[in-house]
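# Chains, contacts and geometry: an overview
Here is how the chains run, residue by residue.
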Amino acid sequence: MAAAKTVDDYLAALPEEVRPVLHEVRRTLHAAVPGAGETISYGIPALTSGGRAVVYFAGWKHHISVYPVPDTAGDAALEAELTPYRAGRGTLKFPLNHPVPLPLLARVAARLLEQRTHRPEDAD
């Protein structure tokens, strides 16, 4: 299969059972990152803001992945919610045999956007 050039191409190439779930993930992430652009980076879809990637998402045969995991320092509740979905240091993995927690994905994307736009090195 040729590498996707657009997010729509990427989604169209997914297995039928994965495609509708990833469409919902895409809509949820866009709602959490207002005005986001889209690109394919590392072979998977990414939402961008200000020219920088904010959140990546991918569909697989048995799960959806979201990358990276936001810094949860100071937010024990968010960390507790993310813990069951952690699949390595920077990956969240959501099995397709359970409903994908879309409100949690929205919080992840919003947190990643905040962390990328309010970095200490960007401050005056």
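About the thresholds
- Residues numbered from 1 in each chain as written.
- Predicted model: local features only at pLDDT ≥ 70, side-chain atom pairs only at ≥ 80, totals over all residues.
- Heavy atoms only, no water.
- Core = buried A, V, L, I, M, F, W, Y, C linked by side-chain atoms within 4.5 Å.
- Buried < 20%, exposed > 50% of the residue type's maximum accessible area, 1.4 Å probe, protein only.
- Helix = DSSP H or I, 4+ residues; strand = E, 2+ residues; numbered from the N terminus.
- Contact = heavy atoms within 4.5 Å.
- Pairing = 2+ DSSP bridges.
- pLDDT = per-residue confidence, 0-100.

## Description of the nonpolar core
Side chains of a nonpolar character, in soluble globular proteins, are inclined to be buried together. Formed by 34 residues in total, the largest nonpolar core has its most connected members in Leu22, Val25, Leu29, Val55, Phe57, Val66 and Phe94. Going through the elements one at a time, α1 (7-12), α2 (19-32), β2 (44-49), β3 (52-59), β4 (63-67), α3 (76-82), β5 (92-95) and α4 (102-117) are the ones with two or more residues in this core. Looking at which element gives the most residues to this core, the answer is α4, with six residues. Apart from the residues lying within four places of it in its own chain, the contact partners of Val25 are Phe57, Ile64, Val100, Leu102 and Leu105.

## Structural notes on the pairing of β2
Most of β2 is tucked away: five of the six residues are buried. Count of turn residues in the strand β1 (residues 37-41)/β2 antiparallel hairpin: two residues, of which Tyr42 carries a positive phi of about 55°. Relative to β3, β2 is paired through four bridges, and the arrangement is antiparallel. Bridge pairing in β3 links Thr48 to Ala53. Taking the residues that link successive antiparallel strands as the turn, the β2-β3 hairpin has two residues, and the phi of Gly50 there is positive, at about 60°.

## Thoughts on the confidence of the model for the chain
For the chain, the mean per-residue pLDDT works out to 91, and 94% of the residues sit at or above 70. Looking over the chain, one finds the lowest element-wise mean pLDDT in α4, namely 94, and the highest in β5, namely 97.

## Comments concerning the environment of Val7
Take Val7: it is sitting in helix α1. Separated by 34 residues in the primary sequence, Val7 and Ser41 place their C-alpha atoms 10.0 Å from one another. Those residues in contact with Val7, other than ones at most four positions away along the chain, are Arg26, Glu38, Thr39, Ile40, Pro45 and Phe57.

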